[in-house]
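So the chains spell out like this:
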Amino acid sequence: EAWLAGAGAVPIERHAMLSDGRVMALVAPGARLAWMCAPRVDGPALFASLLGGESAGHFTIEPVGESIPPQQHYDGNSLIVKNVWPRLTVTDFLDCSAGKPTQRAGRTDLIRQVEGRGEVRITFAPRPDFGRAPMRLVVRDSGLEIDDTIDPIVLRAPGVRWEIHDVCSHQTAVGTINLKGEPLRMELRYGTGSLREQQSILPQERYRLTKAYWESWADRLVLPRREAPLVRRSALALKGLCYGPSGGIAAAATTSLPEEIGGIRNWDYRYCWLRDGAMSAAALVKLGSFGEAMAFLDWMLGVIDRAAAPERLMPLYTVTGHEVGAEAEIGELAGYAGSRPVRVGNAARGQVQLDVFGPIAELVWQLLLAEAPVSSEHWRLVEAMVHAVEARWHEPDHGIWEIRKPRRHHVHTKVMCWLAVDRGIRVSERFLDRRRPQWEALRDQIAADILANAWNEKAGAFTAAYEGEDLDAAALTIGLTGLVECTDPRFLATIGAIEGQLRMGPTVFRYLADDGLPGREGGFFICTSWLVDALWKAGRQADAEALFESMIELAGPEGLLPEQYDPLLRRTLGNHPQAYSHIGLIENALTLSGA
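Predicted, not measured: the structure shown is a model, and the values here were computed from it.

1. Here we look at the pattern of salt bridges
Turning to step 1, where the next piece is worked out: Tallied over the full model, the rule gives 43 salt bridges.
Turning to step 2, where the next piece is worked out: Each member of the salt-bridge network shares a partner with another, and the members are Asp95, Arg107, Asp109, Glu187, Arg189 and Arg206.

Below is the structure:
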């Protein structure tokens, strides 16, 4: 009852992220592994207490008799997490040694190192496939084996004494060990059934190599003057969302964290949206890291090769570049703070979202600006995006927010179509030294259409869609992309209207119009970031600074941001960590630093 009422739900922003470039996990304060899907980020959950309390599976390590709560933090500039009590430290990481982030899925090692003194309790409660499959545990000499699973899974934990408890159709192992200064190193091995297998690299060396992997990458970033540590942490979050074997980039590490506590606005974001992935890669390019963009574009080329035609691309795919499964509900899980249903899959896969072409062309343009090694394959991709716009820009669509109502002529979509053609023209001139008169005419045609139909006199603003008076924060991209000057009176009026109607304190809502779903949602961090950039570029630097400062105060103690913030309940909402939110923070810091 406490869980369903919300009292048992650890605040989302307090969960720290682990990643090995294939699998992602979340650790709550108290060394509680609360979320982990395997063999990849968009696979079934092995631990899901984040979405259903203890019965949904967790892996917890805690000192016996300790009343002081631990301090949770990252180990340096890495995705290694430490929970520290006065007499005990638990260090968690997904093994990134020996180049594992680029290996194919199939073997993942979660290493949990326990150091200190005193009695330690370990609760190992895996629940394969979101707890839908009955699970039995077998005690072996050096650990535990999960019996009868599709992929072999073992927990190597030498020296731990285990008791097995039946919990409905599952089993939970509770172990104890009395530490006297010697560390306990446990390895959860997903993808191998061997407990005896000895790694050629010892766990302590794998820790060193994993830390070096993350920190060497982070040290190469070119950080802005403003909020450099927070920008670095945002970049690490984006890097952690990258699926190394294919180059796809997940929009978030989780599914079904609610946009409204107790509501039904719970979606699965563990996939690669073309738009979000391109924007994530572009943000990293602006910080001097090109590898993620190159890998993403290779992923994108594979998706296009499998598609019927570029203009028929789906909005999202699995991180391996294949079609996402049908949206379904996991009835066995109670949901975060009782927010149901818990969903897997995403029905937006079948929507028409014609804005996706713009961010891909923009990514190639950003690579060129950064003097990265752009190739003819990248040019082929830009051509495909422009041809897709040429074929369909005049159609209505479901828009960036994937509204589950009839299609409209969304202003943001039209702007992104314009962006695709504009950046295509620029890429052609810089990469091929060739003008494209036909593309220039198309760009001008789209711009004229937007300026004729996006402005609404009654609303006094560029609105969400043609022939509508409702506002949408995404309309700010009409100035942020350069389609109109940010000092244009119409854009200034749009900023004022969005401030007056969509802003509440430190956050900005996407829209307030009826979207066909019950309940309400919080403000979106990326919408707040768009307003920060718009204010700055419109000459209102002091207002931009103030809004940015109020936004970054909402980041969790580990510097991570989920999707939304509820200014009434004063709590964060939505999937975590959310790529959009960290993209916006990076862009703001660059803008406010004059980059």
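2. A few points about the packing of aromatic side chains
Turning to step 1, where the next piece is worked out: A complete count under the given rule lists 13 aromatic pairs for this structure.
Turning to step 2, where the next piece is worked out: One aromatic cluster in this structure is built from Phe47, Phe59 and Phe124.
Turning to step 3, where the next piece is worked out: Seen from the ring of Tyr74, Arg233 lies directly overhead, with NZ or CZ sitting 3.9 Å from the centre.
Turning to step 4, where the next piece is worked out: Looking at Arg436, its charged tip hangs above the ring of Trp439, at a distance of 5.1 Å from the centre.

3. Side note on the nonpolar core
Turning to step 1, where the next piece is worked out: With 190 residues, the main nonpolar core has Phe124, Phe296, Met300 and Trp401 as its most contacted residues.
Turning to step 2, where the next piece is worked out: For Met300, the residues in contact, after removing those within four places along its chain, are Leu274, Leu313, Ile360 and Leu381.
Turning to step 3, where the next piece is worked out: Within the second largest apolar cluster, nine residues are counted, among which are Ala252, Trp267, Tyr269 and Leu316.

4. Brief notes about the pairing of strand 6 (residues 71–74)
Turning to step 1, where the next piece is worked out: Where burial is concerned, the two faces of strand 6 differ: the one with Gln72 and Tyr74 is buried and the one with Gln71 and His73 is not.
Turning to step 2, where the next piece is worked out: One ladder, built from four bridges, connects strand 6 with strand 7 (residues 81–84); its direction is antiparallel. The partner of Gln71 across the bridge, within strand 7, is Val84.
Turning to step 3, where the next piece is worked out: Hairpin connection of strand 6 to strand 7: six residues between the antiparallel strands, including Gly76 at a positive phi of 65°.

Each value, and the rule that gives it
- Residues numbered from 1 in each chain as written.
- Predicted model: local features only at pLDDT ≥ 70, side-chain atom pairs only at ≥ 80, totals over all residues.
- Heavy atoms only, no water.
- Salt bridge = Lys/Arg side-chain N within 4 Å of Asp/Glu carboxyl O.
- Phe/Tyr/Trp six-rings, centres within 6.5 Å; stacked < 30°, edge-to-face > 60°.
- Lys NZ or Arg CZ within 6 Å of the ring centre and 35° of its normal.
- Core = buried A, V, L, I, M, F, W, Y, C linked by side-chain atoms within 4.5 Å.
- Buried < 20%, exposed > 50% of the residue type's maximum accessible area, 1.4 Å probe, protein only.
- Contact = heavy atoms within 4.5 Å.
- Helix = DSSP H or I, 4+ residues; strand = E, 2+ residues; numbered from the N terminus.
- Pairing = 2+ DSSP bridges.

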